[in-house]
Amino acid sequence: MSSPLRLAIAGLGTVGIGVVKIIRQKAALLEARSGRKVQIVAVSARNRDKDRGVSLADYAWEDDPVVMATRDDVDVFVELMGGSDGPAKAATEAALKAGKDVVTANKALLAHHGQELAELAEEKGCVLRFEAAVAGGIPIIKSLTEGLAGNGIDRVMGVMNGTCNYILTRMEATGQGYNALFDEADKLGYLEADPNLDVGGIDAGHKLSLLSSIAFGTQVDFDSVELEGIQRVSIEDIRQAADMGYRIKLLGVARMTGRGLEQSMAPCLVPASSPLGQLEGGTNMVVVEGDQVGQVVLRGAGAGEGPTASAVMGDVMDIARGLRVTTFGQPASTLVKSTPAQAAAPAPYYLRMELMDKPGALAKIATALGEAGLSIHRMRQYDHADNSAPVLIVTHKTTRSALDDALARMATTGVISSEPVALRIEEV
Ligand code: NAP
Ligand code: HSE
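Remember, predicted model here, so these are calculated numbers, not experimental data. (Residues numbered from 1 in each chain as written. Chains lettered and ligands numbered in written order. Predicted model: local features only at pLDDT ≥ 70, side-chain atom pairs only at ≥ 80, totals over all residues. Heavy atoms only, no water.)

A. The arrangement of helix H6 (residues 140–147) in detail. Of all the positions in H6, only Ile140, Ile141, Ser143, Leu144 and Thr145 are classed as buried. Its buried side turned inward, H6 meets strand E6 (128–129), strand E7 (153–159), helix H10 (202–216), strand E11 (283–290) and strand E12 (294–301). (Buried < 20%, exposed > 50% of the residue type's maximum accessible area, 1.4 Å probe, protein only. Helix = DSSP H or I, 4+ residues; strand = E, 2+ residues; numbered from the N terminus. Contact = heavy atoms within 4.5 Å.)

Below, the structure written as C-alpha cells:
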C-alpha cells in the first residue's frame with residue numbers, strides 16, 4: 001500500500017466543508033479506489049471559532065494559509081477561499097514554489113493568473129488542477145483535457161452560471177420581471193457576495209476563458225471575453241422569444257475562427273427544443289463540438305456543497321492515483337497567445353422594436369434592413385392597443401457590423417418609438 005496522500009485545506013465554507021465531509025465519510029471508498037489513504041492534516045479559514053457543523057479536531061489549524069501551504073507534512077494544497085488575488089494567489093504560489101500539488105475551485109484566480117500559475121506548476125514539477133472551477137459538478141475539465149484529447153475542438157458552448165439560468169427560467173415560468181427574480185435569487189442565497197459577478201456575466205466569463213484555453217491551446221485571455229450580463233433581459237423578450245420557439249440563455253460561446261479566437265458570454269436565443277433550450281433552474285450545461293466525436297452534451301449541478309466538492313475530489317483522486325495532467329491539457333510553454341476575433345461569426349438575430357402605427361412605418365424599417373444588406377427570415381407584428389406597434393424580426397445570418405449598420409439606419413427613420421432590442425440567435 002502506498003503512503004497516504006496528505007492534504008491541507010484553505011477555506012472551510014460551502015465547498016471546503018463539503019470536501020472535509022467526503023474525506024471523513026468516504027475514507028474506505030477513496031482508499032479502495034486510489035490504493036492509498038486520503039488524509040487531511042491541516043485546515044485554515046478566517047474564523048477559528050465558527051461552528052462549521054463538522055469536527056475539525058483531528059486537523060492542525062493554521063491562521064495563515066500561506067504558512068499552511070508550505071508545511072513539510074503536506075502533499076496537496078487545496079485552495080477553497082476564493083478571490084483572484086490576496087491569500088488565494090499568495091498561498092497557491094507558495095504551495096507550488098514549495099513543490100506541492102494544488103487543487104482549486106477558484107475560477108477568478110485562474111482566469112486572471114492561469115498562465116503564470118500553470119508555468120510555475122510545471123517548472124516545479126507539480127500539478128495544478130481546477131475541475132470545480134468550471135460548471136461545478138460537471139467533469140468538463142477532465143472531459144476536455146483527457147476524454148476528448150484526440151479531437152480538434154470546433155466550438156465550446158455553455159450555460160455556466162446557475163444563478164442567471166435560475167433568474168431567466170423563473171422569469172418565464174412566473175411572468176415576473178428581472179428585478180423581482182433577482183430579489184428571489186438573493187433571498188435564496190444564490191448570489192455571489194458581489195452579485196455583478198453573476199448577473200454581469202463575469203463569473204461565467206471566467207469559466208469560459210478557462211475552457212477556451214484547453215479547447216484551443218491558447219493562454220487564458222479573460223480580458224478578451226465579450227461580456228454582457230442579463231440585467232437588460234426583459235420579460236417581454238422572454239415571452240416573445242418563447243412564442244417564436246426560442247429560450248433566452250446567458251450563453252458562453254468560444255470558437256477559433258480565421259479572424260482569431262471568439263469568446264462571448266451574453267444573452268442569446270437558442271431553440272427551445274435544444275438541450276440548452278430545455279435547461280431549467282440552477283443547472284449548468286456545457287456543449288463541446290469535436291471534429292471526430294461530434295457534439296457532446298454534459299449537464300449537471302453547477303454549484304452547491306456536494307457537486308462542487310465532488311469535482312474537487314475528482315482532482316484529488318487523480319493525484320492520489322498518480323495521474324498527472326498539465327493544467328490546460330498541454331505544457332504551459334506551448335500555449336499560444338491568441339488573437340481576439342474583432343467580430344463575432346455571422347449569426348441570425350432577433351430584433352424587437354416599437355414602431356409608430358402609421359402608414360409606411362414597416363416599409364421604412366424593411367428598407368433600412370435591406371440597405372444594410374440584412375435579409376428578413378421571419379417577421380411578426382403582434383396585437384397592440386395604442387398607436388405603438390410591437391414588431392419582431394428574425395434575420396437571416398448576418399455580421400454584427402451589418403446589424404449595427406441596420407440599427408443606425410433604423411434610428412434615422414423617425415418611426416421607431418423605443419430603442420430596438422437585438423439578440424444573437426446561436427445555432428446549436
Ligand atoms: P465561502 O462559503 O464564502 O467560503 C470561503 C472560505 O474561505 C471561508 O471558510 C472563509 O473563512 C475562507 N476565507 C476567506 N478569505 C480568507 C482569508 N483571507 N484567509 C483565510 N481564509 C479565508 O466560499 P465557497 O462558496 O466555499 O467558495 C470557495 C471557492 O469555490 C471560490 O473560489 C468559489 O468561486 C468556488 N466555487 C464555489 C462554488 C459554490 O457552489 N459555492 C461552486 C464552484 C466554485 P471563514 O469561514 O472563517 O469566513
Ligand atoms: N455563482 C455561481 C453560479 C456559483 O451561480 O453558478 C458557481 O460557480
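Here the narrative resumes, following the displayed structure.
B. Region of interest: the layout of surface pockets. Considered as a void within the structure, the largest pocket measures approximately 1,500 Å³ in volume. Along the wall of the largest pocket there are 49 residues; nearest its centre are Thr14, Val15, Met81, Gly82 and Glu192. For the lining of the largest pocket, the residue count by class is 18 nonpolar, 19 polar and twelve charged. Both domains that furnish three or more residues to the lining of the largest pocket are identified here as domain 1 (5–133) and domain 2 (146–300 + 335–341). The volume enclosed by the second largest pocket comes to roughly 570 Å³. Around the second largest pocket, the lining is made up of 27 residues, and of these Glu228, Arg232, Arg400, Ala422 and Leu423 lie nearest the centre. If you list the elements that add at least two residues to the lining of the second largest pocket, you get strand E8 (226–227), strand E9 (246–257), strand E10 (260–271), helix H14 (400–411) and strand E16 (421–424). Among the elements that take part in the lining of the second largest pocket, E10 stands out by supplying five residues, more than any other. Here the lining of the second largest pocket is composed, by residue class, of 14 nonpolar, three polar and ten charged. (1 Å grid on protein atoms, 1.4 Å probe; cavity = no way out; pocket = protein on both sides within 12 Å on 5 of 7 lines; lining within 4 Å. Points joined across faces, edges and corners; volume = space filled by probe spheres on them. Nonpolar A, V, L, I, M, F, W, Y, C, P; charged D, E, K, R; others polar. Domains from an automatic or database assignment.)

C. Molecular detail of the packing of aromatic side chains. Scanning the model with the defined rule gives three aromatic pairs in all. An angle of 45° between the planes, with centres 6.0 Å apart, marks the rings of Tyr178 and Phe182 as tilted. Of the two residues, Tyr178 and Phe182 both sit in helix H8 (residues 178–187), four residues apart, roughly one turn of that helix. The exposure class of Phe182 is buried, given its relative accessible area of 18%. (Phe/Tyr/Trp six-rings, centres within 6.5 Å; stacked < 30°, edge-to-face > 60°.)

D. Representation of the site of ligand 2 in the model. Looking at ligand 2, the residues that line it are Lys107, Asn161, Gly162, Thr163, Glu192, Asp198, Asp203, Lys207, Gly302 and Ala303. The separation between an oxygen atom of ligand 2 and a polar side-chain atom of Lys107 is 2.6 Å. One of the side-chain nitrogen or oxygen atoms of Lys207 is found 2.8 Å away from an oxygen atom of ligand 2. If ligand 2 stood free it would expose 260 Å²; the protein chains cover 86% of that surface. Among the cavities detected, the one that contains ligand 2 is the largest pocket. Elements that contribute at least two residues to the shell around ligand 2 include exactly helix H7 (162–174) and H10. The residue inventory of the shell around ligand 2, partitioned by class, reads one nonpolar, four polar and five charged. (Near = heavy atom within 4 Å. Polar contact = N/O pair within 3.5 Å; in protein donor to acceptor, adjacent residues only side chain to side chain. Areas by Shrake-Rupley, 256 points an atom, 1.4 Å probe, with all protein chains shown as cover. Sits in = over half its atoms within 2 Å of the grid points.)

Remember that the coordinates give geometry; whether it matters functionally is a separate question.
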